[in-house]
Amino acid sequence: MKPPRRADRLLEWFCTPHLVEEIQGDLYERFTRDVHRLGLPKARQRYWFNVLRFIRPFALKRQSDYYSPGLSSSNMLRNYLKTSIRTLTRHKVSTLINLFGLTLGITACLVIYLITNYELSYDTFHPDSERIYRLVGESQYGKTGEKHPVGFVPNAVPKAIREEITGLETVAAFHNISSDVLIPTEKEKPKRFESSRHSELVVVDPQFFDIFRYQWLAGNPKTALSEPFKVVLSEQKAHTYFGNIPLNHILGKEIIYEDSVRVSVAGIVKEWAQPSDFGFTDFISFATIRASKLRQSINLDQWTDIWSASQAFVKLPQGATPEQFTAQLHRFGKMHFTKDMELQFTPALQPLSDLHFNVNYDDNYSRKAHLPTLYGLMAIAAFILLIAAINFINLATAQSAMRAKETGIRKVMGSSRANLIFQFLSETALLTLIAVLISLVLVNPILRLFQTLTPEGLTVNLFSWQTLTFLLFVTIITSLLSGFYPSWMLSSYVPALTLKGQSVLNGGEKGYLRKGLIVFQFTVSLVFIIGTLMVSRQLNFMRHKDLGFSTNAIVSIRPGRDDKGPVLAQKIKQLAGVERVTMEWFPPMGQAFMVTKLTYRDKKKNVEMDVSAKIGDENFIPLYQLRLLAGRNFLKSDSLRELVINETYAKALGFKKPADALNKLIKFQDNAFPVVGVVADFHEQSFHEKIGPVFIANMPQARNIGVKLATQGKQVGDLKTTLASLEQTWKSVYPDKKFEYTFLDDSIAQLYEKEQKTGQLVNTATAIAILISCMGLFGLATFTAQQRTKEIGVRKVLGASVASIVALLTKDFLKLVFIALVLASPLAWWAMNQWLRDFVYKVDLDWWVFAFAGVLAISIALVTVSFQSIKAALTNPVKSLRSE
Amino acid sequence: MKRTYLGEFEEIVLLTVAVLEGQAYGVALTHEIIEQTGRSVRLNQIHAALQRLEDKGMVKSEMGEPTAERGGRRKRLFTVTAYGRRTLQEIQEVRVSLWSRLVNPFKPVTSL
């Protein structure tokens, strides 16, 4: 039998405090009587009415009778600003620590925001971009082959889809080509532009420009690409080819691709300013393919093979979903790729927004960003900012005792709690704002410093409205995050107590919150430390583990498709400083590898499996110092005669000892070849992949050259001269081509580019996290030491040793770091396990890594804290006790 | 003679406070007035009147003991101040003198 609670609350809310009790009492008495007389529902109803009747001037809460300026009156704002500046300058150490921490945090946030924003904005600017999809699919070679997602389609598919799939708005195919470009000039020799990257020249359907909108600067968008031998150029490319002449004069000029395909310029479009994976600059009309020699390399009627250069995009009509087409596309695949065909292919649609992130759908032009890394980056930014905010909270609450008097006076003078909170918050906001300004200055140098980590083509516009909104958002969040709790606490002091000089610490007297926050900071730092240790251990492992072959001083040269390669190899062999030369397809390990089907047949069974092919001449095995376990190297020959296989393959075929595999016949493309040797396993891909079956043989594909340079007793300078003579030899064979080479170590290191980047990132994050945490700890230690000056003085007078006092001051902090270690270990263990799962060959998560991280953190904390503790312990007690 | 104006309702409330002699608080006053005058009075009106009277200095109040019937809340008990008493007396005197000057005092109407 209670009166309605809400009504009571309402009353408490509007009624002036000194009347609440009696009114409530009276109403309650009334209510009890009403319940007896009228029953509960009616009584409750009356209670409500009675409460409402008290909404009358005499009972309403009154604004304070004093004159109290509003929160935002300009006088008060000026006062806040003034006191803020005064406090900030008075407590220089804590201000600097806070400013430093906040600046680091905000800079990290800003840099990471710029990077993630850039990556996430890829190709989002196209009109109707949500309706644009790429034709991708799932391919399978043979009946037993694995199914692979592919980001491209067989050449004949786009046209068939346009004709057979109903309900698609537009279908546009294109092909990436790479070729030297010739510009005919009046003089006899045309201007030559070296073959550019794969991502610039495309042969496109005219519909491409219906899907992707460009601004046309010259030419007619409707007809430009409808005929063969036409090309549309981007504005910049047009100027590169023809110099700075008016665009209209460029129309109709001739360009030659692939040495003989003459096309004329039919249009010029403006490049997109926003980030996009489509950096195409030369759009050759699709009709050119059938009309020129391009048809040799791009067979438009081909169903049975698939090339990454063959791309197609579709635009769905308004309101259509990709799921609507799944069944149709499935049927399409079933119909065109019959059971007896070598290639099985099922088309599918990939949203444009997925293009920049999905590594499964590969192609020749897009640069993939790793989404988990981006999310990881965001988390790192948030954590760093949080750590900085925690510093602020800790220092502010620790120093709050000093400001208790100020709060008391302000309250006595008539300040409301809201006023006080606003005042302290404005102090935080001022500090944050300064930090934001500093980080604005820092961003560009930092981005330059970390250029290797930032995505290619990152352009920074600090003053775009998006960035400014983000900064505003960060400023507000940071100010609230770091300022709200301290200001809430400070404003809660009861003036009567603080002005009397009584201790004002309440509730969190023992500083549980502060301790909790320090534990949090160090937990984050420790996770980062353990992460750094593990990532660098794994990187070290990958760098130094025996790969099963030699990578030292080996240079790869790729002469190209003509037949002058052997001539060049012969010439290189004769150079001084060259130890050995092999004609090969690719080095044992690298990004490129080929898998083919081999069959082994013995009395009982038939073993058919995918085997990776390493192709090279008889010098391949000795040059890379692959270890023969049994048998011999294959003999010199012009074509495939003999095979060498690796241990894994020998085992997979069922031979217990490598020597058992010798002289067995293995079938490759209808012919059987004898195994003459077995080599020890070596890594052919990154450590993410398991070592699989491999065979080594000589085949006509061996057109590239591997050169082992002599290193015995040589200096770095000698290496340079050898490289220079290599270049001379190259020029004598290929006068027109640029000499390019890669060191094998470098190309292997490139396999771990992502891991290297992760390593660098984690290192940086760790450094920042530790730095900020330590600054906070330092500030707190300074403060505790100051507060306990008297205590230390008394202890010293009573005979305490310096060591015992240092221990006293340090112990507390170390305990916190220890707790943090206990919390961080399982977290870090989980995170690192997650990361290491991607590797087949990896280091173990040893316990000593955690122990080492703990020792490291404890010693860092110890150094930070002991500086202050020792200083405090050494002060002469006379000084600290002299004045009261 | 200048004195604080007292409204009719206020006068009744003030008189009732005097009648209840130290036991005057919101609910008790309401009941008493309803009983004595027969008019419908609401709690909030009584409170408002008491508030005004206290502002004018005619009643003073103190908090009583908490009681269970009020959900453990205290009553505010009102008593008439000296100033209040004098005001009541003055009103009474004015009325008496006016009545005495009435030449043809009203007689209670009896059935003729």
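Details of the structure are given in the entry above.
Quick summary incoming for the structure in this document.

The rules behind each value
Per chain, residues are indexed from 1 in the order of the written sequence. Working convention: letters from A go to chains and numbers from 1 go to ligands, in the order in which they are written. With pLDDT at 70 or above as the cut-off, local features in this predicted model cover only qualifying residues; side-chain atom pairs require 80 or more to be listed or tallied, and sums for whole chains, interfaces and linings still use all residues. Any two strands with at least two DSSP-identified bridges between them are counted as paired. Helix numbers and strand numbers start at the N terminus; a helix is a DSSP run of H or I with at least 4 residues, a strand a run of E with at least 2. Throughout this description, the term nonpolar core refers to a group of buried Ala, Val, Leu, Ile, Met, Phe, Trp, Tyr and Cys residues whose C-beta atoms join them within 7 Å. Buried residues are those with 20 or more other C-beta atoms within 10 Å of their own C-beta, exposed residues have 12 or fewer, and partly exposed residues lie in between; C-beta atoms are placed from the backbone. Domains are outlined according to an automatic or database domain assignment. Any pair of residues counts as being in contact when their C-beta atoms, constructed from backbone geometry, are within 7 Å of one another. To obtain an axis, a line is fitted to C-alpha atoms, over the contacting stretch when the element is a helix, and the angle between two such axes runs from 0 to 180 degrees between their N-to-C directions. Comment on the angle field: the value is read as roughly parallel under 35 degrees, roughly antiparallel over 145, roughly perpendicular from 65 to 115, and oblique elsewhere. For any helix crossing, the convention is left-handed if the near helix is rotated counterclockwise from the far helix by under a right angle, and right-handed if that rotation is clockwise. When residue character is reported, Ala, Val, Leu, Ile, Met, Phe, Trp, Tyr, Cys and Pro are called nonpolar, Asp, Glu, Lys and Arg charged, and the others, Gly included, polar.

What to know about the pairing of strand S14 (residues 554-557) of chain A
Residue and element names in this part refer to chain A. Of the strand pairs in this sheet, S14 and strand S23 (residues 704-709) are connected by four bridges, and their pairing is antiparallel. Residue pairing across strands places Val555 opposite Val707, the latter belonging to S23. Both S14 and strand S24 (residues 741-743) contribute to a ladder of three bridges, which runs antiparallel. When the sheet's bridge partners are listed, Ile557 is paired in S24 with Tyr741.

Some words on the nonpolar core
All names here are of chain A. In this structure, Ile384, Leu526 and Ile530 are the most contacted members of the largest nonpolar core, which totals 79 residues. At the level of elements, helix H5 (92-120), helix H13 (371-398), helix H15 (417-449), helix H16 (465-491), helix H18 (512-544), helix H24 (753-787), helix H26 (802-836) and helix H27 (847-874) are the ones that each hand at least two residues to this core. Counting contributing residues per domain, this core is built from domain 2 (74-121 + 370-506) and domain 4 (516-544 + 752-882), each supplying no fewer than three. Once residues within four sequence positions are removed from consideration, Ile530 is found in contact with Ala824, Ala828, Met832, Val849, Phe850 and Ala853. Residues Phe152, Val153, Phe332 and Leu349 belong to the second largest nonpolar core, which totals 56 residues.

Observations concerning the sheet that holds S23 of chain A
Residues and elements named next belong to chain A. Taken in spatial order, the four strands make up an open sheet running S15-S23-S14-S24, and their pairing is antiparallel. The sheet terminates laterally at strand S15 (578-584) and S24, the two strands that pair on one side only. Strand after strand, the sheet turns through a mean of 25° between neighbouring axes, direction not considered. The sheet strands contacting helix H19 (residues 565-573) are S15 and S23, and the helix crosses S15 at an angle near 165°.

Points about unusual backbone geometry
Residues and elements named next belong to chain A. A positive phi is found at Glu258, a non-glycine position, where the angle reads about 50°. Structurally, the position occupied by Glu258 is in the loop between strand S9 (254-257) and strand S10 (261-269). Judged by the 18 C-beta atoms lying within 10 Å of it, Glu258 falls in the partly exposed class. Phi is positive for Asn663, which is not a glycine, with a value near 70°. Among the structural elements, Asn663 can be located in the loop between helix H21 (647-652) and strand S20 (665-668). Taking the C-beta count within 10 Å as the criterion, Asn663 has 10 such neighbours and is therefore assigned exposed.

A short note on the packing of helix H2 (residues 26-37) of chain B against helix H3 (residues 43-56) of chain B
Between two packed helices, what matters for the description is the angle formed by their axes and the separation of those axes. Residue and element names in this part refer to chain B. Direction vectors running N to C along H2 and H3 enclose 110°, while the axes themselves pass 9 Å from each other. It follows from the interaxial angle that H2 and H3 lie roughly perpendicular. Note on packing geometry: the crossing formed by H2 with H3 is right-handed. Between H2 and H3, the contacting residues are Gly26, Leu29 and Thr30 on the first element and Leu43, Ile46 and His47 on the second. Of the residues in the contact of H2 with H3, the class split is three nonpolar, three polar and no charged.

Focus: the pairing of strand S21 (residues 671-679) of chain A
Residues and elements named next belong to chain A. As paired elements, strand S18 (residues 628-631) and S21 share three bridges and run antiparallel to each other. When the sheet's bridge partners are listed, Gly631 is paired in S21 with Gly677. In the sheet, S20 pairs with S21 via four bridges, with the strands oriented antiparallel. What sits directly across from Phe668, in S21, is Asn671. Taking the residues between adjacent antiparallel strands as the criterion, S20 and S21 are bridged by two residues, where Gln669 takes a positive phi near 50°.

Digging into the interface of chain B and chain A
In this complex, chain B contributes 15 residues to the contact, which on the side of chain A involves 16 residues. Looking at the side of chain B that touches chain A, the elements with two or more residues in it are H2, H3 and strand S2 (73-80) of chain B. Ranked by residue count, the leading element in the side of chain B that touches chain A is H3 of chain B, at five residues. The residue inventory of the side of chain B that touches chain A, partitioned by class, reads three nonpolar, five polar and seven charged.

Topic: the packing of H18 of chain A against H26 of chain A
All names here are of chain A. Two numbers describe how H18 lies on H26: the axes approach to 7 Å, and their chain directions differ by 40°. Accordingly, the angle class assigned to the pair H18 and H26 is oblique. Seen from above, H18 lies across H26 with right-handed handedness. Within the contact between the two elements, H18 uses Lys515, Ile518, Val519, Phe522, Thr523, Leu526, Val527, Ile530, Gly531, Met534 and Gln538 and H26 uses Leu816, Val817, Ile819, Ala820, Leu821, Leu823, Ala824, Leu827, Ala828, Ala831, Met832 and Leu836.

Section: the environment of Asp736 of chain A
Residues and elements named next belong to chain A. Tracing the backbone through its elements, the reader meets Asp736 in the loop between helix H22 (716-733) and S24. Taking the number of C-beta atoms within 10 Å as the measure of exposure, Asp736 has 8 and is therefore exposed. On a C-alpha basis, the gap between Asp736 and Glu194 in space is 9.8 Å, while along the polypeptide they are 542 residues apart.

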